[in-house]
Amino acid sequence: MSQQTYAVSGMTCASCVRHVEKALLATQGVTSATVNLATLTATVEGTAAFESMVQQVDEAGYALSKIEPETQAGGGEDLSPARRRMVVALTLTAPMLATMLPGLHWHFPGWAQLLLATPVVFVAGWGFFRRAARQARHGQASMDTLIALGAGVAWAFALGEWWRGAHQLSFETAAALVAFLLTGKYLEARAKSRATDALQALLNLAPPTALRIQADGSVLEVPVAALHQGDRARVLPGQAIPADGRVSGGQAEVDEAMLTGEPLPVLKLLGDVLVAGAVVHGSALEMEILAVGADTQLARMAAMVAQAQGSKAPAQDLADRISAVFVPAILVLAAATFLGWWWLGGGVAQAWRPAVTLLVIACPCALGLATPVAVMVGLGAASRQGVLVRDAAALEGLVGIMDGVF
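Residues numbered from 1 in each chain as written. Predicted model: local features only at pLDDT ≥ 70, side-chain atom pairs only at ≥ 80, totals over all residues. Heavy atoms only, no water.

Engineer: Provide a residue-level description of the overall build of the chain, including the pertinent values.
Structural biologist: When its secondary structure is counted, the chain shows 13 helices and 13 strands. Each of the 406 residues in the chain was classed as buried or not, and the buried ones make up 42%. Taking all contacts inside the chain whose residues are at least 6 apart in sequence as the whole, residues at least 24 apart take part in 69%. (Helix = DSSP H or I, 4+ residues; strand = E, 2+ residues; numbered from the N terminus. Buried < 20%, exposed > 50% of the residue type's maximum accessible area, 1.4 Å probe, protein only. Contact = heavy atoms within 4.5 Å.)

The following block contains the structure:
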């Protein structure tokens, strides 16, 4: 039985997390599956074939893929598309919202509001509709369903009002909903990107190249990936140690603060252990390579941080369970609200507003996404300060310990 971590695409809220987890657990050979929304990963334990898991997740409306080695440490996400969508949406929505400011007596004609709102809803916000449609084909509902219904219905009803010659239109409602949610999603993506940068910062402590000592005694600069166990390397003063090993020649002070937290360098003599990422001071050292790449202590530290960021705290698991039934419940309440107002004689013109309002304000972003992002950012900040946390549950338990101390 093995444990593997895979990348998952298409998830936007906690409801998606539950759908992917159910799909993985339904795969023969999977004994446990934990899906993390903040890292967009799934950690699966069992003997199931990768192709079987891919098929199950695909049938649920999502995509499962292997994580490339060069991206496993996180970071590197391109936020420019999300930033462009946010800027376009806010720029086009701002004039319509400005008419609500006191002292301003602007009024945009219906055709102008239509021209401003349509690109926001159906161009900048197209991703909401695409994901909602895909999930609907699989009999699922998520946060995107609420957004697509709220913005789509508000835009369609505003179009009908304009066609009938109404003065007060609701185009700004549809546009503002999409613009504000795109802003929130961009801020969330930026927070996740900054948190995962902590992993790359750990790995960057090791240099990209090393001075390998050849059989004839000459020194050749090679990529660290070209080093093997048993090779000999030279580390000059001020340089970082490229791999784990032991001193085979010379002596020098080595700064191991990145591992031990001790501010003072430690004197290393013949036979002493060296760790990748530590910095040599004073004089050069010769070393025998004992471990490289993923086998170094530095790489294992980064892997531990990545595992902690992908783990679930008890509070997050509770939020996921609530969010899983939140979206269907809101859809039922919105339908009941519409039918209730209609049945009481309000007519469609009055019944749609309370129903759409319920869809608009019931976005479960904070419930389903705030917890994993907060855990991820907290663990990333801790690692930058030299504090490594094994899992999110330990981080949550630290609150009770600190309360007892203070």
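Engineer: Outline a positive patch on the surface, supporting the account with residue identities and numerical values.
Structural biologist: Among the surface-exposed residues, R83, R84, R85, R130 and R190 lie close enough to one another that they form a single positively charged patch. Per-element tally for the positive patch: the top contributor is helix α3 (residues 80-98), with 3 residues. Take R130: it is sitting in helix α5 (residues 126-137). (Patch = residues over 30% accessible without salt bridge, like charges linked within 9 Å, V, L, I, M, F, W, Y side chains within 5 Å. Areas by Shrake-Rupley, 256 points an atom, 1.4 Å probe, with all protein chains shown as cover. Salt bridge = Lys/Arg side-chain N within 4 Å of Asp/Glu carboxyl O. Lys, Arg positive; Asp, Glu negative; His and termini not counted. Charge placed at Lys NZ, Arg CZ, Asp CG, Glu CD.)

Engineer: Quick rundown of the packing of aromatic side chains? Include the residues and the values.
Structural biologist: Tallying each qualifying case throughout the model produces 6 aromatic pairs. Through successive ring pairs, a cluster of aromatic residues spans F122, W126, F129 and W155. Across from the ring centre of Y62, 5.7 Å away, lies the NZ or CZ of R134, which sits over that ring. The side chain of R164 reaches across the aromatic face of F157, ending 5.8 Å from its centre. (Phe/Tyr/Trp six-rings, centres within 6.5 Å; stacked < 30°, edge-to-face > 60°. Lys NZ or Arg CZ within 6 Å of the ring centre and 35° of its normal.)

Engineer: Describe the pattern of salt bridges, with residues and values.
Structural biologist: For the structure on display, the rule yields 6 salt bridges. Ionic pairing is found between R232 and E286, a salt bridge with its closest N-O pair at 3.1 Å. Taken together, the residues span a long stretch of sequence, with R232 in strand β7 (residues 232-235) and E286 in strand β13 (residues 285-291) at a distance of 54 residues. Under the relative-accessibility criterion, R232 is labelled partly exposed at 35%. In this structure, the salt-bridge partner of E288 is R246, at a minimum N-O distance of 3.2 Å. With E288 in strand β13 and R246 in strand β8 (residues 244-249), the pair connects residues that are 42 residues apart, well separated along the chain. R246 sits in the partly exposed class, given a relative accessible area of 35%.

Engineer: Explain the sheet that holds strand β12 (residues 279-281) to me, using residue names and the numbers behind them.
Structural biologist: Pairing is antiparallel across the open sheet formed by 3 strands, whose spatial order is β10-β9-β12. Two strands bound the open sheet, and with one partner strand each, they are β10 (266-268) and β12. Each strand axis lies, on average, 40° off the axis of its neighbour in the sheet, ignoring direction. Two strands pair when backbone bridges link them, and strand β9 (residues 252-255) and β10 are joined in this way by 3 bridges, in the antiparallel orientation. Its bridge partner being in β10, A252 is matched across the sheet by K268. (Pairing = 2+ DSSP bridges. Axes fitted to C-alpha atoms, helices over the stretch in contact; angles between N-to-C directions.)

From the geometry alone we can't say anything about function, so treat these as descriptive.
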